[in-house]
Amino acid sequence: MILAEAVAELSHKALSADEPEELLRESLQIAIDATGADYGTAVRRMPDGAIRVAHEVGPQPLPTGTTLPLAEERSYVSRVLETGRPFVSADLRHDPRVAPPQPLLSRGIVSSLAVPVRGAENVMGALGLHSRHHRRFTRDDVAVACALASVVATAWEQAAQRERLRHQALHDPLTGLPNRTLFLDRLNQILTRRPGSDAGDPDGVAVMLIDLDHFKEVNDHFGHAAGDHLLRAVGQRLATVVRPHDTLARLGGDEFALICEPVKDEASAVRLARRMQDVCRPPVDFGSNHISVSASYGMTWSPQGCSPGCSAEGLLGEADAALYRAKSAGSGQIRVFDDRMERSTRRRRQVEADLQVALDRDQFRMHYQPVRRSDDLAVVGVEALVRWQHPTKGLLLPGEFIPIVEQSGLLGDFGEWVLRMSCREVARWQDSTLEPLWLAVNLSPRQLNDPLLPETVADAQREAGLQEGTLVLELTESALMMSEGAHLDALTLLRKTGARLFLDDFGTGYSSLTHLTHLPIQAVKIDRSFVAGLPVNRRNAAVVSSLITLSEELGLTLIAEGVETSEQLRTLRTMGCQAVQGFLLDRPAANPDLERSRLERLSASGAGVAPSAGR
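Residues numbered from 1 in each chain as written. Predicted model: local features only at pLDDT ≥ 70, side-chain atom pairs only at ≥ 80, totals over all residues. Heavy atoms only, no water.

**Comments concerning the sheet that holds strand β8 (residues 255–263)**
The strand order across the open sheet built from 5 strands is β7-β8-β6-β11-β12, with neighbouring strands paired in mixed fashion. Here the strands that pair on one side only, and so sit at the sheet edges, are β7 (247–252) and β12 (334–336). Along the sheet, successive strands turn relative to each other by an average axial angle of 20 degrees, direction set aside. Packing of helix α9 (residues 266–280) onto the sheet brings it into contact with β6 (204–212), β8, β11 (295–302) and β12, and relative to β11 it is tilted by some 160 degrees. (Pairing = 2+ DSSP bridges. Helix = DSSP H or I, 4+ residues; strand = E, 2+ residues; numbered from the N terminus. Axes fitted to C-alpha atoms, helices over the stretch in contact; angles between N-to-C directions. Contact = heavy atoms within 4.5 Å.)

**Some points on the packing of helix α13 (residues 411–429) against helix α14 (residues 453–464)**
Closest axis-to-axis distance for the α13/α14 pair is 9 Å, and the angle between their directions is 25 degrees. As far as their axial angle goes, α14 and α13 are roughly parallel. Between α13 and α14 lies a crossing of right-handed hand. Contact with α13, carried on its side by Glu416, Leu419, Arg420, Cys423, Arg424 and Ala427, involves Thr456, Val457, Asp459, Ala460, Glu463 and Ala464 of α14 and no other residues of that element. Class assignment for the residues of the contact of α13 with α14 results in 6 nonpolar, 1 polar and 5 charged. (Parallel < 35°, antiparallel > 145°, perpendicular 65-115°, else oblique. Left-handed = near helix turned anticlockwise from the far one by under 90°. Nonpolar A, V, L, I, M, F, W, Y, C, P; charged D, E, K, R; others polar.)

**Re the layout of surface pockets**
Each pocket or cavity is described by its volume, and for the second largest pocket that value is around 1,000 Å³. When contributions to the lining of the second largest pocket are tallied by element, the ones reaching two or more residues are β13 (364–373), β14 (379–390), α12 (402–407), α13, β16 (438–442), α14, β17 (471–476) and β18 (500–506). Sort the elements by how many residues they give to the lining of the second largest pocket and α13 lands first, with 8 residues. Its residues placed into classes, the lining of the second largest pocket shows 22 nonpolar, 13 polar and 13 charged. (1 Å grid on protein atoms, 1.4 Å probe; cavity = no way out; pocket = protein on both sides within 12 Å on 5 of 7 lines; lining within 4 Å. Points joined across faces, edges and corners; volume = space filled by probe spheres on them.)

**Notes on the environment of Asp203**
Here Asp203 is to be found in the loop between α6 (180–193) and β6. Spatially, the C-alpha atom of Asp203 lies 6.4 Å from that of Pro303, the residues being 100 residues apart in sequence.

This is the structure we're talking about:
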């Protein structure tokens, strides 16, 4: 009864034992006491096939971790591991079934029994009891050993499961590399011990961020399986360059990170980045496809004497700022964080904080610039343009804050505010216009990745009471570069909400004319750079004239942006351009002039815009 209670207590401990060695010691001691053996030994089969001592109790015990020099074909331990059945021998020295076990015989052991330690899927090891005196181990002895072997198996399996869970919590499941949590933990450990290091040692720590260029194109063109294959291949290649004690991690998406310590100086870190570029440069094969690899690198180097305020998140932020500069410079670039970036980063973070306050305190304002028919200059629509009424800097234009909004986590809330506010204001104007008035709202390329965007667009129209087709979503050519893939699906869903789609800034160099034949768009806005050369620049005139003809053939409306002179307006009307927009006619305003009296004022001023039959 006492033995049964002891086994039950050990079984309970086995469920929560992080380090099973103490439980092994207790189990082996109970087995020795119950059977009268001199030694108790637990051995474990390792993944590489080696058999090592997990724990031993008795005189002159073998150290934990000792590899046993066993003859696989005649070792009694091997027999137990392979057959999964107990083994009992009264005289190991003369037992013809096994080779003489020298680790036991050398210590005077004569008789032994061994039972398997069974896991859920295989035999994990063996538990043995040994005597220095000739004896025959009984069935009861074997039963005791089997009961305690079951306890040992539970402890090993539970410890292995907890280790697997710890590993999963700290490692990326796709590449097997450390994840962000483990990366930051290791970096914090390094920074914690560095201030106490020898200040005379000039070596420092480098933190590097690696972001794959155009990775989204891989997913869109070849599928996510190809993207995953590429990420695994890049992780394996990068690992061949870094030192064993450095930490290479995948932070998420297509972004990797590296901690290098010690690193002599910034130049050494840059040389390492170039070696990483070289090893990743060969194309990655995926089936019959060959996927090219390019990456941008941003890094920061911290000297030996880290200040107390130096933090892991801070260094990662510096590397991120350098990465931002690298990607802005083009593909495959390397940038190191410097004082200029530090000032820029501080400004950007301040603006991000101010933007959140601006959203919370309703500091944004909507201005609208009309779009007019070119023949009679009647207003057909308005383009919504956001302004920021900054409490100290005054009215800020979009170029001063929109790029930061797009890089921050505010884009979703900001874009929804612009959409809903514009829809509500334009809905109030529609009753006072002579004909239906449409509203154009600009979309960022990043907004197309939001799966909730179609729902937000539909809700904004319904809440404002806008008629179907009133809302226009303007997207630049850069937003539609990947339109054959996921973006084309997003555009289709947006069209189903009743909104129309306009292609903005057309001609700036990203899209080909073939895009116009299959994108679900209704109008094209020709970039102001072509209008600026009219009527003097003959090449600009030829481009505009060709686009007008093409848009007519495709059933698209062509709108000319940036009309600033009466000569430009006359030329566009002569060419047959359907609609115009620009400072000559209207400047953006909170309450724009939507009346036809604008035509009368222009005529009176000698602008020369009498109606024309057009084309």
